[in-house]
Amino acid sequence: MPASHVAPGSRSGVLRTKPVDAILAESGGGEGEEGGLRRSMGLLELTFFSVGATLGTGIFVILAEAVPKAGPAVVISFVLAAITALFSALSYAELAGTIPVSGSSYSYAYATLGEGIAWVCGWCLLLEYGVSISAVAVGWGQYVNELLDSAFGVSLPDAISQPPGDGGTFNVPAVIVVLLAVILLVRGVSESAVANTIMVFIKLLTLAFFCAIAFTAFEHGNLTPFAPLGAAGISAGASQVFFSYIGFDAASTAGEEAKNPRRDLPLAILISLAIVTVVYVAVALAALGAMPWEEFKGSEATLAQIVTDVTGGSWASTILSAGAIISIASVVLTVLYGQTRILFAMARDGLIPPIFAKVDSRTQSPVANTLITGAWVALLAALVPLGQLTEATSIGTLFAFTLVNIGVIVLRRTRPDLPRGFTSPFFPITPLLGVGFCIYLMARLSGTTWQVFLVWMAAGVAIYFLYGYRHSRWRAEAGAEADR
């Protein structure tokens, strides 16, 4: 008997799944029990939400950290990370077109692997979304300083522009960009989508501007030796830059605010991944051709440094830094949006406090959720260094992607009758490859990252049994049904 059709008492405890029909009924038409979310996003908005959540971070912030690990072969690292993301993107596309709800991989895991696994997935998504926003916000401050320096010859002191551990006390710019995103999100999703679309266009123009300048100084000799650190360096670089692909799944969190989710969500996920991969490879190649790879270490505003060196003046750096500030702000906006929608779904299931599922009647958005999440993210951005955040984000994301790939296999077996807006090709090879690539990249992360991840997971399990397990709405409803 399909798992999602099992009688309420036949799968108990943490392995109890929530039927797909129940998940869809609860969110259908944008009318949740706590109030409906407004369906206002078409294919363009959804695609740009995923592009906005993804494009920018890996190039504007992480490139300088990955190049020293792989050398010029970091271009291959980006491709390897993209392939890893592609297999998972295919699985996300299938599940988003089958279960188009706000919970993304959390809801997919609930329908296929059980409540306990869904909680673990949701807890990992706090790393993928919540922590990644903080990491991006830290990098945003670097470009604020670059802009002030190139335009006015001044910069913010480290005490208020760097987190503790990096020479600072409290990262004020990081807090400001998070709070600006919060203000926009509480106004409603339509306003946020318009602002993000504008910022994504600026982002693409900024990166095209960089490539146009960097390719004028392209030196083939900078690409040799191409892989000075060998295959191990390429793998280590891929693990690092995988962080830059986090966000392609952002569209899947808009399942209850999409006009035609079954058709548009899969397309938005795959189109956005294609766009960001092409741009990442082009910009990385231009940057490496313009500056020897040994000089990348130690700068988090690498692209601005390159255009300054090429042009011999500050005007290009000023333009690039201004574009980077807008570009990275769009990442903060869209990823924060995704985090609030996942928490919305978890709260609707009773696994976290109900305030996260409360929808404002005027804006039809989870205002309290957004304010609480924004405050937590801002505090994290102010106090934690970028490098520690990015690796923690990568491992949480890879684990969540692994669960999504497994979920596709399970749902194909248990509910082959469900209407699907998209089916992953070459099944089950693609989801199995997605699992394999994710595990491989996880194994390449540092021991310290694994220790942090295990501590994080232990804390999540404890919170689940102390609160989530006791307050689960589906377990309570299923138990009441079994008692009748």
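Structural data are supplied above this passage.
Just so we're clear, the structure is a prediction, and the values are computed from it rather than from any experiment.

**Structural notes on the environment of Pro 366**
Link 1 in the chain: Its location among the elements puts Pro 366 in the loop between α13 (315-348) and α14 (367-383).
Link 2 in the chain: Taking the relative accessible area as the measure of exposure, Pro 366 reaches 0% and is therefore buried.
Link 3 in the chain: Along the sequence, Pro 366 and Tyr 337 sit 29 residues apart, while their C-alpha atoms lie 10.0 Å from each other.
Link 4 in the chain: The residues contacting Pro 366, other than those within four sequence positions of it, are Leu 37, Arg 341, Phe 344, Phe 356, Lys 358 and Val 359.

**A word on the packing of helix α8 (residues 172-186) against α13**
Link 1 in the chain: Direction vectors running N to C along α8 and α13 enclose 55°, while the axes themselves pass 9 Å from each other. One element, α8, and the other, α13, form an angle in the oblique class. Once α8 is placed against α13, the crossing between them reads as right-handed. Residues Val 177, Val 178, Ala 181, Val 182, Leu 184 and Leu 185 of α8 form the contact with α13, whose participating residues are Ala 329, Val 332, Leu 333, Leu 336 and Tyr 337.
Link 2 in the chain: Of the residues assigned to the contact of α8 with α13, the class counts are 11 nonpolar, no polar and no charged.

**As for the nonpolar core**
Link 1 in the chain: Formed by 152 residues in total, the largest nonpolar core has its most connected members in Phe 78, Ile 99, Tyr 106, Val 178, Phe 210, Tyr 245 and Leu 303.
Link 2 in the chain: Broken down by element, this core gets its largest block of residues, 19 residues, from helix α6 (residues 115-152).
Link 3 in the chain: Contacts of Ile 99, omitting those with residues within four sequence positions, involve Val 20, Ile 23, Leu 24, Tyr 108, Ala 111 and Leu 411.

Thresholds applied
- Residues numbered from 1 in each chain as written.
- Predicted model: local features only at pLDDT ≥ 70, side-chain atom pairs only at ≥ 80, totals over all residues.
- Heavy atoms only, no water.
- Helix = DSSP H or I, 4+ residues; strand = E, 2+ residues; numbered from the N terminus.
- Buried < 20%, exposed > 50% of the residue type's maximum accessible area, 1.4 Å probe, protein only.
- Contact = heavy atoms within 4.5 Å.
- Axes fitted to C-alpha atoms, helices over the stretch in contact; angles between N-to-C directions.
- Parallel < 35°, antiparallel > 145°, perpendicular 65-115°, else oblique.
- Left-handed = near helix turned anticlockwise from the far one by under 90°.
- Nonpolar A, V, L, I, M, F, W, Y, C, P; charged D, E, K, R; others polar.
- Core = buried A, V, L, I, M, F, W, Y, C linked by side-chain atoms within 4.5 Å.

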